[in-house]
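Here are the chains, one letter per residue:
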Amino acid sequence: MSATTPVNRRLTSFGTANLIERAPETHPLTWRLNADASPVWLEEYRAKQGYLGAKRALTELTPEEVAAEVKEAGLKGRGGAGFPAGVKWGLTAKGEGIPRGYLLCNADEMEPNTYKDRLLMEQQPHLLLEGMIVAAYANHSYRGYVFLRGEYVDAAKSLRRAVAEAREAGLLGRDIFGSGFDFDIYVHTGAGRYICGEETALINSLEGRRANPRAKPPFPGQSGAWGKPTVVNNVETLCGVSSIILNGVEWYHGLCLPGSEDHGTKMMGFSGKVKNPGLWELPLGITAREVLEEYAGGMRDGCTLKAWQPGGAGTGFLLPEHLDAQMYSGGIGKVGTRMGTALSMAVDDSVSMVSLLRNMEEFFARESCGWCTPCRDGLPWTVKILRALEAGEGEPGDVELLLELTRKLGPGKTYCAHAPGAIEPLGSAIKYFREEFEAGIRTPSTANAPQEPVGSV
Amino acid sequence: MATIHIDGKDYEVDGSDNLLQACLSLGLDVPYFCWHPALGSVGACRQCAVKQYRDKDDTRGMLVMSCMTGIKDDSYISIDDAEAVEFRESVIEWLMSNHPHDCPVCEEGGHCHLQDMTVMTGHDRRRYRFTKRTHENQYLGPFIAHEMNRCISCYRCVRFYKDYAGGTDLGVFGAHDNVYFGRTTDGVLESEFSGNLTEVCPTGVFTDQTHSDHYTRKWDLQFAPSICHGCSSGCNISPGERYGEVRRIENRYNGAVNHYFLCDRGRFGYGYVNNADRPRLALLRDADAEDVDITLSVDAALDRAAERLKRARRVIGIGSPRASLESNYALRELVGVDNFSTGIEAGELERLALMQRILREGALPIPSLRDIESHDAVVVLGEDLTQTAARVALSVRQAAQGGALSLAAEQRIPEWHVNAVNTLAQGRKNPVYLATVAETKLDDIARETFHGTPDEIARFGFALAHALDDSAPMVGDLDDATLGLVGEIASTLKSAKRPLIIAGESLRSIAVLRAAANLARAFNQAGLQGSLSLISAEANSTGLAMLGGESLDWALKTLTRQDADAVIVLENDLYRRLPAKRVDEALDACETLLVIDHQPTPTCRRADIVLPAATFAEGDGTLVSSEGRAQRFFQVYDPAYYRPDDQTHEAWRWLHALHTTIESRPIDWTQLDEVTRACAESVPVLAGITDAAPSASFRIKGQKIARSPHRSSGRTAMRANISVVEPRQPQDIDSALAFSMEGYSGTAVARQQVPFAWAPGWNSPQAWNKFQDEVGGSLRAGDPGVRLIDQPGTRGEGRPLAYFSEVPSAFQLYHDRWQVVPLYHLFGSEETSAKAKPVQERMPEPYLALGITDAEALGLNPDAKVRVNIGKHELLLPLKISSRLRRGTVGIPRGLPDMPVEIFGEWARLEQEVRA
């Protein structure tokens with residue numbers, strides 16, 4: 001494998017994360033990154049404490065102790081849902097008579113405005129592989145797959161080279177670190193569907209089936225890929241594992257800021273019309289305002305912040321007044337939405353909320369897998385109403401209808417979390433900017449005219 | 001059992017059900033689409049939402065999909081909750097956003113689950129004002145029409161077609177609101193069960209093309225509870241008629257037999273009923289004026305026939321396994337027991353007698369079709385079930401898939417949670433072992449297959465029996481591969497809880513049946529609680545075996561020897577059973593040939609007198625299926641109502657009338673029940689047939705059962721071309737059914753005989769819910785039919801059938817000749833369905849199948865035509881290369897029109913190749 005990056009070409013993920021000051025004690029995810037974004041290959045990675053966490057896990061700890069440490073550290077899933085990784089690992093079926101299963105890395109990063117996993121994989125693939133080895137050890141997995149978003153060509157190159165290096169060095173394969181533990185990793189590039197980020201849809205897709213979410217139970221930990229116990233973790237989650245094993249729980253607990261209920265650091269970002277859009281590894285508990293103003297440099301001159309989204313298109317819109325919310329799941333929860341991926345987006349006052357939501361809902365409607373009715377047929381309806389409002393062809397009742405749809409496509413009513421995520425920004429946008437939506441109503445009502453009773457049938 | 005509280009009332013329900021199933025079983029209306037009693041729950045459509053409360057004090061509750069919710073004892077549920085009602089209406093509204101408003105021109109209209117559910121939820125206003133997505137439709141063959149624009153994406157079609165029936169050429173494509181259900185390209189749907197799509201689809205995406213060709217709304221059809229005559233499975237059907245034509249056949253629910261599904265032969269093979277070439281008038285062929293048929297009045301026909309028969313020294317009666325017991329019995333009464341032949345070839349009759357013996361005296365009980373599904377291992381000896389008894393093949397497939405259920409049970413995943421069950425199972429199946437002459441369409445579920453000649457299949461069965469029980473006869477000189485396979489299968493079978501053996505008539509091998517009997521006994525000796533199913537060839541073969549009578553060979557010989565000079569042939573084409581030369585000799589030798597049939601068969605064309613017989617659509621009668629289940633089929637319509645000159649009558653009526661005319665006495669039998677009773681009284685093993693259905697005097701609330709839905713329209717006009725005066729509706733003296741919509745058609749009173757599935761608010765086949773004790777269970781009045789063969793254990797201590805020791809010898813391979821083995825085709829091998837045009841489109845041309853090794857050794861091209869000499873027959877047949885046919889054998893399709901019948905089991909010489 002000779003996937004070297006051409007000298008003249010910087011990786012797309014080169015950016016702010018490479019440029020801020022970083023230290024091993026405070027930036028476990030990014031301290032190894034090179035300022036020029038050149039990938040950290042095996043030699044350099046090993047020189048920078050690489051694979052020490054994995055070595056400790058495999059040679060000094062039992063799988064149960066590894067899972068317990070990660071659980072105690074409080075490492076939460078970084079893909080957006082925030083489910084504690086250690087708890088998930090504790091639920092994986094293992095033991096007498098249960099076959100060893102799979103460790104899947106969810107690298108199908110397709111959330112609009114989210115670009116954190118790409119950086120980690122492009123520039124520092126060994127950190128992910130190390131995390132996967134530790135996770136596989138804790139979960140008795142015998143094969144790992146990186147389910148990678150197909151468009152992440154550079155990440156695929158990096159990961160493939162890293163896998164080859166690791167195999168060559170005996171870090172993958174049989175009897176890793178002389179521990180008797182066998183494990184190998186394959187990189188699987190997806191065909192590009194948002195729903196593959198849903199863990200059971202990801203498993204279906206990996207197996208070569210339609211990427212529809214699966215019924216739960218059985219949970220993947222019981223019966224996942226090819227019917228075997230399966231753990232699915234996000235890239236960033238897995239990247240956080242080895243430092244916990246190496247430096248301990250206490251150190252990890254010291255990383256976040258006062259007030260945060262979640263531990264560790266998190267890749268956070270701000271995009272939109274800010275002065276310095278980008279991505280930084282920051283302690284959980286930092287306020288959104290600090291991220292926006294200190295790291296992203298505030299709004300560009302002439303632009304005023306109108307609204308912002310804390311962590312991906314599937315999270316709700318917030319107002320400037322919410323910027324003092326702390327970036328951790330409970331902190332954003334207090335202002336009414338979810339932290340999601342923590343890669344925030346600033347909406348400036350030149351942007352029409354109707355157009356923005358039309359664009360977003362087009363994305364979500366297109367990415368519906370088509371399995372359940374509310375999502376498959378409800379989301380396209382929101383798109384069509386939003387297009388009408390955008391074109392000034394809305395009808396009285398359209399906004400109410402949108403709100404009705406946000407209610408009926410909510411949690412518990414659909415098969416998976418796709419539609420609830422899709423309508424969360426819509427509901428909050430109407431909540432805060434209803435007049436923009438109502439401004440799209442021009443024509444007199446036809447369809448929504450008061451109904452006359454018809455004969456009973 | 002569990003108690004649940006729904007909208008303030010307490011109900012006892014089956015705790016293993018899901019909530020939707022439980023509600024429907026209670027008779028409560030909860031709308032649904034993606035759920036189906038046979039296909040389980042997948043939670044896709046979200047239509048069946050109800051409110052579930054944490055406990056008695058919870059007032060908010062939360063919406064749950066009832067199909068995905070297990071029953072919890074003492075749980076509180078609301079169907080009427082305002083939020084649930086509103087959500088269910090919204091689901092319909094979303095589905096309707098892309099559904100065309102084409103009900104008036106849609107063939108599903110009036111038969112449509114989507115219509116029913118739309119009305120049920122109260123969605124009657126359209127708020128969606130934008131464009132609808134559109135799809136292109138596909139050509140799917142002569143059976144199924146495709147209109148994808150109507151699709152509501154419930155995924156039932158692919159779940160039935162792929163997951164349930166094992167089809168591979170129908171799939172789901174695309175995503176979001178552009179999901180497409182179809183094939184990769186236009187083309188004939190390959191599954192033998194494709195017709196079920198028309199009932200599984202909740203709307204008009206997949207409709208019956210044969211119905212479309214002469215379409216009538218469901219409510220304007222006249223139905224009767226009927227039994228499929230296409231094979232010996234005894235599937236219950238619901239044929240619909242209008243203007244004196246059968247227009248479609250739908251499944252009729254019988255919880256013990258076919259439950260929701262039919263095969264395509266049974267569904268689409270009805271065209272022979274409507275064919276214009278059917279004899280519908282009594283005909284006399286004047287010997288002096290050849291080829292001139294003289295039509296006769298009924299009385300004249302009876303007089304002329306009686307006159308000729310009275311003149312005869314001895315009259316032979318040849319019955320038929322495709323005619324009812326009543327008609328066969330009436331013939332036997334007319335000619336006398338000593339002169340009655342079953343019309344079945346001697347070898348087959350001997351095998352049928354052996355089947356009877358094995359089933360009555362053997363070691364294992366006979367499973368019903370439904371019961372086959374609950375076996376955990378299956379051994380098939382010889383039968384290519386998909387082609388010979390297709391519905392049985394579908395049941396065997398379910399038995400294989402039952403393997404998933406035990407895994408699910410371990411994980412406490414309920415059976416109805418099908419996707420979860422499938423995720424767990426990952427394709428793991430119960431073992432199915434197939435021993436056949438060539439490849440079959442069950443090979444995909446087979447754990448192991450064995451291919452050989454009929455004798456080798458028998459040897460395989462004998463060897464398996466010996467492997468299970470040392471005292472069973474051994475098979476000498478088996479090759480190592482077969483021995484290994486037998487050992488492996490035996491060890492798996494030993495751990496089965498309920499293994500099933502299936503064998504049958506199709507290979508025409510008594511040795512295969514003996515092997516099956518030995519295997520059954522070996523199961524029994526090994527302590528396995530198994531079952532045995534023996535498949536007979538035709539709709540009433542088993543019935544004829546019970547009725548008894550001489551073979552067809554005997555009849556022909558008697559005629560050829562001129563020991564008799566007249567013969568009455570009942571619904572039987574003798575040329576399909578014995579060599580044409582022998583039939584010709586016999587018929588040439590007799591003075592009078594009287595044929596009673598509904599098809600212009602070659603036998604019929606030779607008749608001196610032809611009397612037009614009723615098909616299943618114009619008459620009633622009783623059939624006995626392979627299971628030994630006697631079932632009554634009922635007349636669908638009276639042909640004389642539309643065609644006053646039509647002389648079609650049940651054959652038993654003609655025969656009895658003829659009998660009394662000959663004897664110059666008044667008739668004894670005026671109605672079917674009298675014939676059935678007489679037959680039951682004179683043949684002890686058939687004593688139970690009177691209970692196969694209620695008698696003609698059966699009434700519900702003083703009414704007969706209506707054959708048409710109450711909305712039936714156009715009655716006063718449908719005969720206006722004949723007379724503007726509407727006559728009185730025909731009166732059915734033979735059954736408890738009334739022609740037209742007059743009579744009872746409700747669900748409140750439990751009944752077995754249901755001409756059509758309908759209940760208020762339920763116009764689609766989903767209305768069967770309302771007739772069942774629990775959804776997907778049995779009919780509330782009991783499943784129709786009566787099993788005539790006592791089960792081992794219940795019949796007292798008889799002599800148990802001993803092991804058969806006649807093990808056939810090993811196959812001898814020759815370099816210059818090949819043994820001819822029969823191959824079967826669902827479309828083509830059965831006589832009457834092969835006369836239906838849509839079936840004809842699916843029939844293969846005659847061919848010669850040769851194993852790939854032999855074909856290569858002979859240097860034959862795949863596109864070659866081969867000249868085959870078998871006895872005195874020389875055939876030029878296109879070659880079909882088989883990957884499984886054993887070396888030294890050739891396969892030739894059996895039962896196709898105009899193919900010689902005596903070639904099977906004989907030796908063929910492949911003389912030359914003609915380049916195509």
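Residues numbered from 1 in each chain as written. Chains lettered and ligands numbered in written order. Predicted model: local features only at pLDDT ≥ 70, side-chain atom pairs only at ≥ 80, totals over all residues. Heavy atoms only, no water.

> I'm lost on the overall build of chain B in this one. Help?
Helix and strand content of chain B: 27 helices and 36 strands. Along the longest, intermediate and shortest principal axes, the C-alpha atoms of chain B span 90 × 75 × 65 Å. In chain B, buried positions account for 65% of the 916 residues. Residue pairs in contact within chain B that sit at least 24 positions apart in sequence constitute 74% of those at least 6 positions apart. (Helix = DSSP H or I, 4+ residues; strand = E, 2+ residues; numbered from the N terminus. Buried < 20%, exposed > 50% of the residue type's maximum accessible area, 1.4 Å probe, protein only. Contact = heavy atoms within 4.5 Å.)

> Please clarify how the sheet that holds strand β16 (residues 315-318) of chain B should be interpreted in this entry.
By definition, the strands of a sheet pair up through backbone hydrogen bonds, in either a parallel or an antiparallel sense. All names here are of chain B. Strand order in the open sheet made by the seven strands is β15-β14-β25-β24-β23-β16-β17, with mixed pairing throughout. The open sheet terminates on both sides in strands that have one partner only, identified here as β15 (293-296) and β17 (340-341). The sheet contact formed by β16 and β17 spans two bridges and is parallel. Following the sheet pairing, Ile-318 is matched in β17 by Ser-341. Relative to the sheet, helix α20 (residues 552-560) contacts β16, β17 and β23 (566-570), its axis offset from that of β16 by approximately 155°. (Pairing = 2+ DSSP bridges. Axes fitted to C-alpha atoms, helices over the stretch in contact; angles between N-to-C directions.)

> Before we go on, may I ask you to explain the side chain of Asn-572 of chain B in this structure?
Residues and elements named next belong to chain B. On the secondary structure map, Asn-572 appears in the loop between β23 and α21 (580-589). Overall, Asn-572 belongs to the buried group, its relative accessible area being 0%. Looking at Asn-572, its side chain comes within polar contact range of the main-chain oxygen of Gly-319, at 2.8 Å. Here Gly-343 takes part through its backbone oxygen, which lies 3.2 Å from a polar atom of the side chain of Asn-572. Here Asn-572 is in contact with Ile-318, Gly-319, Ser-320, Pro-321, Arg-322, Gly-343, Arg-577, Asp-597 and Thr-603, once residues within four sequence places are set aside. (Polar contact = N/O pair within 3.5 Å; in protein donor to acceptor, adjacent residues only side chain to side chain.)

> Before we go on, may I ask you to explain the confidence of the model for chain B in this structure?
Caution is warranted with low-pLDDT regions, since their predicted coordinates should not be read in detail. Residue and element names in this part refer to chain B. Residues with a pLDDT of 70 or more make up 98% of chain B, whose mean pLDDT is 95. Scored below 50 in pLDDT, residues 793-797 makes five contacts in the model with residues more than four places away or belonging to other chains. Both confidence scores are given for the complex: pTM 0.95, ipTM 0.93. (pLDDT = per-residue confidence, 0-100.)

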